[in-house]
Amino acid sequence: MKTLSRYVLREHFGPLAFSFTALTSLLLLNFIAKRFGDLVGKGLPWTVIVEFFLLAIPFTLAMTLPMAVLVSVLYAFSRLAAESEITALKASGVGMWTVLRPVLLAATVIAAGMVFFNDQLLPRANHRLRTLQTDIGRTKPTFALREQVINDVVPGRLSIRAARIDKATNRMYEVTIHDFGDVTKRRTIVADSGDLALAASGDLRLTLWNGEMTELPPNAPGRMSRLRYLQDVIVVRGVANSFMRDTSDNFKSEREMGVCEMQAQVDRAEHDLARERAQVRAQLARATRALTRGTIDSVGTFPDSSAALPFSIGRAYCDGAAALARLVGRGDSTAARPLAAADTTDRPTAMETPIAAQPAFGDTAQRTVPAGAGTTTPPGGRPPAGVAVPASVYELAPGNVAAGTGVVIDQAVLRLQGARAVSAQYAVEVHKKFSLAAACVVFVLLGAPIALRFPRGGVGLVIGASLVVFALYYVCLIGGESLADDLKVAPWLAMWAANAVFTVVGGVLFLRMGREGVTARGGDLGELKEALAGWVQKLRRGARRAEAPRPRAA
C-alpha cells in the first residue's frame, strides 16, 4: 500500500504545484495592478518596490492554497478515473478509502502548516506591509514640470507655468508663478527666464531674471502693487523628500496579530461583558428592593471576573502552544498564553468604567470601604477593602435609586455593545485562521467524489467545479464575517458554516464513492446536463399530478 500511496500523492503533486503557482500569480498581478500607481513617480528605490510586492505574497498564499488543493484533487482523481486506474483498483479489491486516505493525510499536514503560517508569518507580513504603505504614502512624488501646463508645486498654494523648458540645462522661458500662500495678498510673478534647481533635501530653488511681481490685497480691491526686478530667488521648502522608514509604529490591527494576541483581546472583552452584566443585575436588584420594601441593601452583587470562560479553539491552541513551549524548554511559556481570568480582574479597559469612576445618580461623593468595616455581611457580598464606590449605592433614597437605574442601565448597555463588538471583531479573525486551514481537508473530501462521478469532465470539470466551490465558499466566508461584525451571528458559526456545509455534502458523496456506475466512456458534463434535465422533468410531473383533480367517491 505504500507504493499505491506514493503513486496517488505523486499524481497530485504536479497539479497542486501548477495551480498554486498560477492562482498566486493571478491574484498577485491583480494586487500589483491596483497598487502600481501609488508606487511609480515617487522616486522610490527599487528595493522598496520589490519588498512591497514580496510582503503582499503571504496574504495571497493564505487564500490560494485551499484553492490549489481542490484543483489538484479534481484533476488527479478525474484523470485516474478516465484512464481506468480506479476501475483496476476496485477490481483488485482496493477500496476507495485506501485511495483517498493518503490524500487526506497530506491535506491534514498542509492544514497544520497553514495554521502555523496564518498565526506566525502572515500577521508579521501584514504589519510590515501596512507600515511600508504608510511610509510610502508620506513620500512626496519626484518633482517634475511640464511645458504649457499649470503645475501645482504646492497644491493650493503655489503653481508654475513655463512656455518652454530646456531639459538639458533646466532653464525655463516665459515663466508665470501664482503664489497663494499668503492669505492677505495674491501674488503673481512673471519672468522672461529662470533656472530650476532641486536640492538633495527636497527644497526647490528658482532663480528668475527680468520680470515683475504683482500683488493684489483682497481687503483693498482698488489697490495693486507692482515691483520690477532683474534677478529674484525663490526657495520652496520640502517639494520632494526621500523615502524614510518609521520604526516606531507599534500599533497592530486584528489582521496583524497572532492567534494568542487576538485571543487575549477576546478574553478581556468577555470578562468585561461578564462584569457589566453583573453590575446591571446588581443595580436592578437594588432598585427592586427599594421599590418593594423601601430599604436599600448596603451593597449589591459585585461581579466575579475570575469566572471560567467558555471553550474557544483559539484558547485551546494557545494553551497547547504554551504546554509545548514548556516541554521543549524554549522561551517564556506564558508568552503564547491568552490572558487568564486573574489577569483581567479589576483592570479597567477601553470598554470598562472603573467602579470609582461611575456616575452616581444623586450625590456624587465617593466613599471608601475601610478594612473590616461593617458588622453584618449583606446578601450580595461587600466590595474589597479600599475600593471606592459611589455613596449613592449606600445612602440614596429609594426613589432616587429607582430614577437612576435607567441611566446606569443605559450606560451599561453601551459598554456591553462595545465589548461585544470588540470580542466579535477579534474572534472572527481567530476562527478565520483555523477555518481557512481546515478548508484544505474539506476540499479533498468534496473534490474526490465529484471527480470520480464525472471522469471525462477533464479541464472543464476542474475549472467549472472549482469556480462554483470557490464562489460559494468565499461568499459564505465574507458574508459570515459581515454578519458576525454586526453581531447578528456568532463568530464561530459565521466562519465555520461553509466548512460544515461542504463537509456534509462531501461526506454524503464519499459514502457513495465507488458506486458511481459510470466508466471512462461516460460521466462527462453532458451526462450531468442530462441528469439535471431529467430531475427537472420529474419535478414538473410531480407538480402536474398534485394539481390534477381527484375523482370523487361514488
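Structure first, text after, so check above.
Residues numbered from 1 in each chain as written. Predicted model: local features only at pLDDT ≥ 70, side-chain atom pairs only at ≥ 80, totals over all residues. Heavy atoms only, no water.

K.L.:
I'd like a rundown of the overall build of the protein chain, residues and numbers included.
P.N.:
Within the protein chain one finds 12 helices and eight strands. By residue count, 40% of the 554 residues in the protein chain fall in the buried class. Taking the contacts inside the protein chain whose residues are at least 6 apart along the sequence as the reference set, 71% of them involve residues at least 24 apart. For the protein chain, the exposed area adds up to about 30600 Å²; of that, 61% sits on carbon and sulfur atoms. (Helix = DSSP H or I, 4+ residues; strand = E, 2+ residues; numbered from the N terminus. Buried < 20%, exposed > 50% of the residue type's maximum accessible area, 1.4 Å probe, protein only. Contact = heavy atoms within 4.5 Å. Areas by Shrake-Rupley, 256 points an atom, 1.4 Å probe, with all protein chains shown as cover.)

K.L.:
Tell me about the pairing of strand 4 (residues 186-198), and name the residues and values.
P.N.:
Looking at chain direction, strand 3 (residues 171-179) and strand 4 are connected through eight bridges and run antiparallel. Each residue of the ladder has a partner; that of Thr 176, found in strand 4, is Val 190. When strand 4 meets strand 5 (residues 204-216), the two strands line up antiparallel, connected through 12 bridges. Bridge pairing links Thr 188 to Thr 214 in strand 5. (Pairing = 2+ DSSP bridges.)

K.L.:
Residue-level account of the sheet that holds strand 4, with values.
P.N.:
Across a sheet, paired strands are connected by hydrogen bonds in the backbone, their directions being either parallel or antiparallel. Strand order in this open sheet of six strands is 1-2-3-4-5-6, and the pairing throughout is antiparallel. Strands at the two margins of the open sheet, each flanked by one partner only, are strand 1 (151-154) and strand 6 (225-236). Strand-to-strand twist of the sheet, defined as the mean angle between neighbouring strand axes without regard to direction, takes the value 30 degrees. (Axes fitted to C-alpha atoms, helices over the stretch in contact; angles between N-to-C directions.)

K.L.:
Any chance you could break down the environment of Phe 59 for me, citing the residues and the numbers?
P.N.:
Mapped onto the elements, Phe 59 comes out in helix 3 (residues 57-82). The spacing of Phe 59 and Leu 121 is 62 residues in sequence and 9.7 Å in space, taken between C-alpha atoms. Each residue touching Phe 59, except ones within four places of it in the same chain, is listed here: Leu 122 and Asn 126.

K.L.:
How would you explain the nonpolar core if you had to name every residue and give the values?
P.N.:
Counting residues in hydrophobic clusters, the biggest one holds 62 residues, and the most contacted among them are Phe 77, Val 444 and Tyr 473. If you list the elements that add at least two residues to this core, you get helix 1 (2-39), helix 3, helix 4 (85-91), helix 5 (96-138), helix 6 (259-293), helix 9 (398-453), helix 10 (458-485) and helix 11 (491-511). Broken down by element, this core gets its largest block of residues, 17 residues, from helix 9. The residues contacting Val 444, other than those within four sequence positions of it, are Val 69, Val 73, Leu 100, Val 103, Leu 104, Ala 107 and Pro 449. Within the second largest apolar cluster, 19 residues are counted, among which are Ile 160, Ala 162, Leu 208 and Ile 234. (Core = buried A, V, L, I, M, F, W, Y, C linked by side-chain atoms within 4.5 Å.)

K.L.:
Help me get a handle on a positive patch on the surface, residues and values and all.
P.N.:
There is a patch of like positive charges on the surface, built from Lys 538, Arg 540, Arg 541, Arg 544 and Arg 545. Turning to its location among the elements, Arg 540 is positioned in helix 12 (residues 525-547). (Patch = residues over 30% accessible without salt bridge, like charges linked within 9 Å, V, L, I, M, F, W, Y side chains within 5 Å. Salt bridge = Lys/Arg side-chain N within 4 Å of Asp/Glu carboxyl O. Lys, Arg positive; Asp, Glu negative; His and termini not counted. Charge placed at Lys NZ, Arg CZ, Asp CG, Glu CD.)

K.L.:
Report on a nonpolar patch on the surface, specifying residues and quantitative values.
P.N.:
Together, Tyr 75, Val 459, Ile 463 and Leu 467 make up a nonpolar patch on the protein surface, roughly 390 Å² of accessible area in all. If you tally residues by element for the nonpolar patch, the top one is helix 10, at three residues. With respect to the helices and strands, Tyr 75 occurs in helix 3.

K.L.:
Give me the packing of helix 10 against helix 11: which residues, what numbers.
P.N.:
Taken N-terminus to C-terminus, the directions of helix 10 and helix 11 make an angle of 165 degrees; their axes are 7 Å apart at the nearest point. Here helix 10 lies roughly antiparallel to helix 11, going by the angle between them. When the axes of helix 10 and helix 11 are compared, the crossing they make is right-handed. Contacts between helix 10 and helix 11 involve Val 469, Leu 472, Tyr 473, Cys 476, Leu 477, Gly 480, Glu 481 and Ala 484 from the first element and Pro 491, Ala 494, Met 495, Ala 498, Asn 499 and Phe 502 from the second. For the contact of helix 10 with helix 11, the per-class residue count stands at 11 nonpolar, two polar and one charged. (Parallel < 35°, antiparallel > 145°, perpendicular 65-115°, else oblique. Left-handed = near helix turned anticlockwise from the far one by under 90°. Nonpolar A, V, L, I, M, F, W, Y, C, P; charged D, E, K, R; others polar.)

K.L.:
Can you lay out the state of the cysteines for me, pointing to particular residues and giving the numbers?
P.N.:
For the coordinates displayed, the defined rule picks out one disulfide. Here Cys 260 connects covalently by a disulfide to Cys 318, the sulfurs 2.3 Å from one another. Here the S-S torsion is close to -120 degrees, and the disulfide linking Cys 260 with Cys 318 is therefore left-handed. Residue Cys 260 is found in helix 6, and its partner Cys 318 is found in helix 7 (residues 313-328); the two are separated by 58 residues along the sequence. On the basis of relative accessible area, Cys 260 is assigned to the buried category, the value being 14%. (Disulfide = S-S within 2.5 Å.)

K.L.:
Could you give an account of the pattern of salt bridges, with specific residues and numbers?
P.N.:
Tallied over the full model, the rule gives 16 salt bridges. The residue Arg 228 makes a salt bridge to Glu 212 at a minimum N-O spacing of 3.4 Å. You can see Arg 228 sitting in strand 6 and its partner Glu 212 sitting in strand 5, a full 16 residues away along the chain. The exposed category is assigned to Arg 228, whose relative accessible area is 64%. Two residues, Arg 255 and Glu 429, come together in a salt bridge whose shortest N-O distance is 3.3 Å. One end of the pair, Arg 255, is in the loop between strand 6 and helix 6; the other, Glu 429, is in helix 9, and 174 residues separate them in sequence. We classify Arg 255 as partly exposed; its relative accessible area is 38%.

K.L.:
Now, about the side chain of Asp 232: what can you tell me, with residues and values included?
P.N.:
If you trace the backbone, Asp 232 turns up in strand 6. Of the side chains with opposite charge, Arg 187 comes closest to the buried, unpaired Asp 232, at an N-O distance of 7.1 Å. In this view, Asp 232 contacts Leu 206, Thr 207, Leu 208 and Met 213; residues no more than four positions away in its chain are not counted.

K.L.:
Describe the environment of Arg 146, with residues and values.
P.N.:
With respect to the helices and strands, the residue Arg 146 is situated in the loop between helix 5 and strand 1. In this structure, the C-alpha to C-alpha distance between Arg 146 and Ile 160, residues 14 residues apart in sequence, is 9.5 Å. If we skip the residues at most four places from it in the chain, Arg 146 touches Asn 151 and Ile 165.

K.L.:
Tell me about the packing of aromatic side chains, residues and numbers included.
P.N.:
The tally for this structure, following the rule as stated, stands at nine aromatic pairs. Arranged with centres 5.9 Å apart and planes meeting at 20 degrees, the rings of Phe 31 and Phe 52 form a pair that is stacked. Here the residue Phe 31 occupies a position in helix 1, and Phe 52 occupies one in helix 2 (residues 46-55), the gap between them amounting to 21 residues. Ring geometry for Phe 443 and Phe 502: centres 6.5 Å apart, planes at 75 degrees, overall edge-to-face. Residue Phe 443 is found in helix 9, and its partner Phe 502 is found in helix 11; the two are separated by 59 residues along the sequence. Assigned by exposure class, Phe 443 and Phe 502 land together as buried. Members of the aromatic cluster, each reached through a chain of ring pairs, are Phe 443, Phe 470, Tyr 473, Tyr 474 and Phe 502. (Phe/Tyr/Trp six-rings, centres within 6.5 Å; stacked < 30°, edge-to-face > 60°.)

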